[in-house]
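For reference, the chains in residue letters:
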Amino acid sequence: MTKDERELIMKALLKRASGYIAHECVEEYGAGEDGSAVFIKRRETEKDVPGDVGAAKLLLELDARHEDGYAAYSDEKLALLCRELAARLGDVINDK
């Protein structure tokens with residue numbers, strides 16, 4: 001596994017652990033008079049996907065294997081990191 005692939009997996013795991021908003025677009029088509037497809041309506045929804053505890057646990061376990069992993073951090077430091085991550089995620093979500 002390359003370093004880039006490992007980074008992509010860790011980013012996906014972080015996204016799953018912290019939760020995200022999923023956007024879904026469903027378009028409905030019907031048959032026109034000549035038999036062609038005719039657009040009827042579009043429904044766009046946002047679904048809030050909460051963070052997954054199992055993914056968070058796995059992420060922390062994987063990170064604890066490194067010397068400077070989260071396992072060495074105090075509870076206060078971890079709480080600060082969680083608040084920073086939540087703020088960053090809020091910025092990313094609001095930019096879309």
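Shown above is the structure to which this text applies.
In this report, the structure presented in the accompanying data block is examined.

Cut-offs used in this document
- Residues numbered from 1 in each chain as written.
- Predicted model: local features only at pLDDT ≥ 70, side-chain atom pairs only at ≥ 80, totals over all residues.
- Heavy atoms only, no water.
- Helix = DSSP H or I, 4+ residues; strand = E, 2+ residues; numbered from the N terminus.
- Buried < 20%, exposed > 50% of the residue type's maximum accessible area, 1.4 Å probe, protein only.
- Areas by Shrake-Rupley, 256 points an atom, 1.4 Å probe, with all protein chains shown as cover.
- Phe/Tyr/Trp six-rings, centres within 6.5 Å; stacked < 30°, edge-to-face > 60°.
- Lys NZ or Arg CZ within 6 Å of the ring centre and 35° of its normal.
- Pairing = 2+ DSSP bridges.
- Expected span 1.5 Å × (residues − 1).
- Polar contact = N/O pair within 3.5 Å; in protein donor to acceptor, adjacent residues only side chain to side chain.
- Salt bridge = Lys/Arg side-chain N within 4 Å of Asp/Glu carboxyl O.

Focus on the overall build of the protein chain
The helix and strand inventory of the protein chain stands at three helices and two strands. N-terminal to C-terminal, the α/β element order of the protein chain is α-β-β-α-α. For the protein chain, the proportion of its 96 residues judged to be buried stands at 8%. Element-wise, carbon and sulfur atoms account for 53% of the exposed surface of the protein chain, whose accessible area totals about 8,300 Å².

Focus: the packing of aromatic side chains
Inspection of every chain in the model, using the stated rule, returns one aromatic pair. Seen from their ring centres, Tyr29 and Phe39 are 5.6 Å apart, and the 70 degrees between their planes marks the pair as edge-to-face. Of this pair, Tyr29 sits in strand β1 (residues 20-31) while Phe39 sits in strand β2 (residues 37-49), and the two are 10 residues apart along the sequence. The positively charged end of Lys15 is found above the aromatic ring belonging to Tyr20, 4.8 Å away from the centroid.

Notes on the pairing of β2
Pairing analysis gives 12 bridges linking β1 to β2, with the strands arranged antiparallel. Residue Tyr20 lies in a different strand from β2, and its bridge partner there is Val49. Hairpin remark: β1 followed by β2, antiparallel, with five residues in the connecting loop; positive phi at Gly35, about 90 degrees.

Comments concerning helix α1 (residues 3-18)
A rise of 1.5 Å per residue sets the reference length of α1, with its 16 residues, at 22 Å; its end C-alpha atoms lie 22 Å apart and thus fit the reference within 8%. Remark: Gly19 follows α1 within two positions and exhibits a positive phi of approximately 90 degrees.

Considering the environment of Tyr29
By relative accessible area, Tyr29 is classed as partly exposed at 48%. Tyr29 sits 13 residues away from Arg42 along the chain, and the two C-alpha atoms are 9.1 Å apart. Reaching out from Tyr29, the side chain makes a polar contact with the side chain of Glu27 at a distance of 2.9 Å.

Observations concerning the pattern of salt bridges
Per the stated rule, a full pass over the model turns up two salt bridges. For Glu27, the salt bridge identified is with Arg42, shortest N-O distance 2.9 Å. Taken together, the positions of Glu27 in strand β1 and Arg42 in strand β2 put the pair 15 residues apart, joining distant regions of the chain. For Glu27, a relative accessible area of 34% corresponds to the partly exposed category. Residue Arg42 is classed as partly exposed on the basis of its relative accessible area, which comes to 47%. Residue Glu28 pairs with Lys41 through a salt bridge whose shortest N-O separation is 4.0 Å. Pair noted here: Glu28 is in strand β1 and Lys41 is in strand β2, with a separation of 13 residues, a long-range link. What makes Glu28 partly exposed here is its relative accessible area of 38%. Residue Lys41 is classed as partly exposed on the basis of its relative accessible area, which comes to 48%.

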